[in-house]
Amino acid sequence: MTTALYGYLGLLFAALFWGGNFMFGKIISHDINPIVLNFSRWFPAAIILLLLFQRQLKQHLPLIRQHWLLLTALGILGIIFFPLFLYQGLQTTTALNASIYLAAVPMTTLLINRLLFNERVALRMLIGALLSFVGVLYLLVQGDIANILHLNINNGDIWAIGSALSWAVYCSIVRLKPTQLGNSAFVTSLVTIGILLFAPFYLYALAQGESAVYFELSVNQWWIVLYLIIFPSILSYIFWNYGISVVGSAKGASFTNAVPLFAAMLSILVLQESIRFYHLISSILIICGLLLCNRKVR
């Protein structure tokens with residue numbers, strides 16, 4: 001396999017695991033305070049990463065100190081803002097609304113890259129991003145565009161928009177990661193910095209009595225938390241950052257549109273929802289958009 005192909009596989013697996021985060025996050029966000037849920041997801045992930053990659057982290061400490069500002073910004077955007085805003089939003093908005101905002105990430109990333117890095121936006125990439133967006137929109141309105149008229153905008157939508165924007169900025173500036181910093185040490189440093197900065201908010205939530213939720217979770221809910229720790233936290237970020245480093249932020253961001261598609265597929269497989277004709281149409285549109293954005297890859 002070529003390096004580029006490994007990069008695209010990493011992006012696909014990251015999108016798949018985040019699709020599960022989207023589905024399970026909606027299920028459990030009503031039962032756990034978003035601050036407690038986010039910390040409960042990332043703190044064990046930080047411990048696991050530190051145990052696995054402490055040697056690599058020590059080797060790259062001078063480089064980490066040199067680029068601490070960038071790593072802090074990425075940790076805040078990817079470890080705190082992106083999931084926390086999403087969980088907060090899912091308490092009062094629908095998964096449909098939040099997914100639509102997420103689908104705008106690729107086009108937002110193209111705009112940010114143009115403004116910040118003066119990156120030329122190829123016409124095929126713009127068309128591909130629009131095509132994938134139409135596919136996601138078609139999926140979320142379930143094949144009937146009239147359903148978009150029934151969307152209710154509330155505070156949860158504002159949080160979901162903030163989550164999508166934070167991820168778009170993350171996708172844009174992650175390109176600045178020093179090439180000498182290995183992916184494992186990079187992800188470990190991001191998670192560690194993010195969880196250290198987030199710890200005071202978690203402790204404040206516990207002081208408000210939120211710790212009681214740990215004794216109220218069912219076995220199935222604990223399985224969901226375990227999934228959130230391993231797959232969308234550790235594996236997704238490792239795969240995503242590797243993929244971005246290989247294919248670039250603009251092309252990589254286009255794979256964000258695969259997250260709602262995977263979320264729908266997982267809902268069919270896990271929650272045994274029915275397969276509809278619009279699933280097929282939207283899948284074709286999303287895949288065609290991704291291929292158009294990345295047509296040089298074989």
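These remarks concern the structure in this document. Per chain, residue numbering runs from 1 following the sequence as it is written. Residue-level local features of this predicted model are given only where pLDDT is at least 70; pairs of side-chain atoms are given and counted only at 80 or more, and the full residue set underlies all totals for whole chains, interfaces and linings. The side-chain quantities take in all heavy atoms of the structure and omit both hydrogens and water.

So, the overall build of the protein chain
- Helix and strand labels come from DSSP, where a helix needs a run of H or I of at least four residues and a strand needs a run of E of at least two; each type is numbered from the N terminus. Across its full length, the protein chain holds 13 helices and zero strands.
- The helix and strand sequence of the protein chain, counted from the amino end, reads α-α-α-α-α-α-α-α-α-α-α-α-α.
- We call two residues in contact when some of their heavy atoms are within 4.5 Å. At a minimum sequence separation of 6, the contacts of the protein chain that also span at least 24 residues come to 89%.
- Using the Shrake-Rupley algorithm and a 1.4 Å probe, accessible areas are obtained, with residue cover drawn only from the displayed protein chains. Carbon and sulfur atoms make up 68% of the accessible area of the protein chain, which amounts to about 14200 Å² in all.

Topic: the packing of aromatic side chains
- Aromatic rings from Phe, Tyr and Trp, with only the six-membered ring used for Trp, were paired whenever their centres fell within 6.5 Å, and each pair was classed as stacked if the ring planes differed by under 30 degrees, edge-to-face if by over 60, and tilted otherwise. Overall, the coordinates contain 23 aromatic pairs when judged by the stated rule.
- Look at Trp-167 and Tyr-170: their rings are 4.6 Å apart centre to centre, the planes differ by 10°, and that puts the pair in the stacked class. Here Trp-167 pairs with Tyr-170, and both are found in helix H8 (residues 155–173), just three residues apart, close to one helical turn. For the pair Trp-167 and Tyr-170, a shared accessibility class is recorded, and that class is buried.
- When the ring of Tyr-170 is compared with that of Tyr-237, the centres are 6.3 Å apart and the planes differ by 80°; the resulting orientation is edge-to-face. Taken together, the positions of Tyr-170 in helix H8 and Tyr-237 in helix H10 (residues 219–247) put the pair 67 residues apart, joining distant regions of the chain.
- Think of it in three bands: with a 1.4 Å probe and only protein chains considered, a residue is buried below 20% of the maximum accessible area for its type, exposed above 50%, and partly exposed in between. Residue class for Tyr-170 comes out buried when judged on its relative accessible area of 0%.
- Classification of Tyr-237 by relative accessible area gives buried; the value is 1%.

Let's talk about the side chain of Asn-38
- Mapped onto the elements of the fold, Asn-38 is located in helix H2 (residues 34–59).
- With a relative accessible area of 0%, Asn-38 lands in the buried category.
- A distance of 3.2 Å separates the side chain of Asn-38 from the backbone oxygen of Ile-79, its partner in a polar contact.
- Discounting chain neighbours no more than four positions away, the residues touching Asn-38 are Ile-79, Ile-80, Pro-83, Leu-84, Tyr-87 and Phe-198. Between N or O atoms, a polar contact is any pair within 3.5 Å; within protein, one atom must be a potential hydrogen donor and the other a potential acceptor, and residues adjacent in sequence are included only when both atoms are from side chains.

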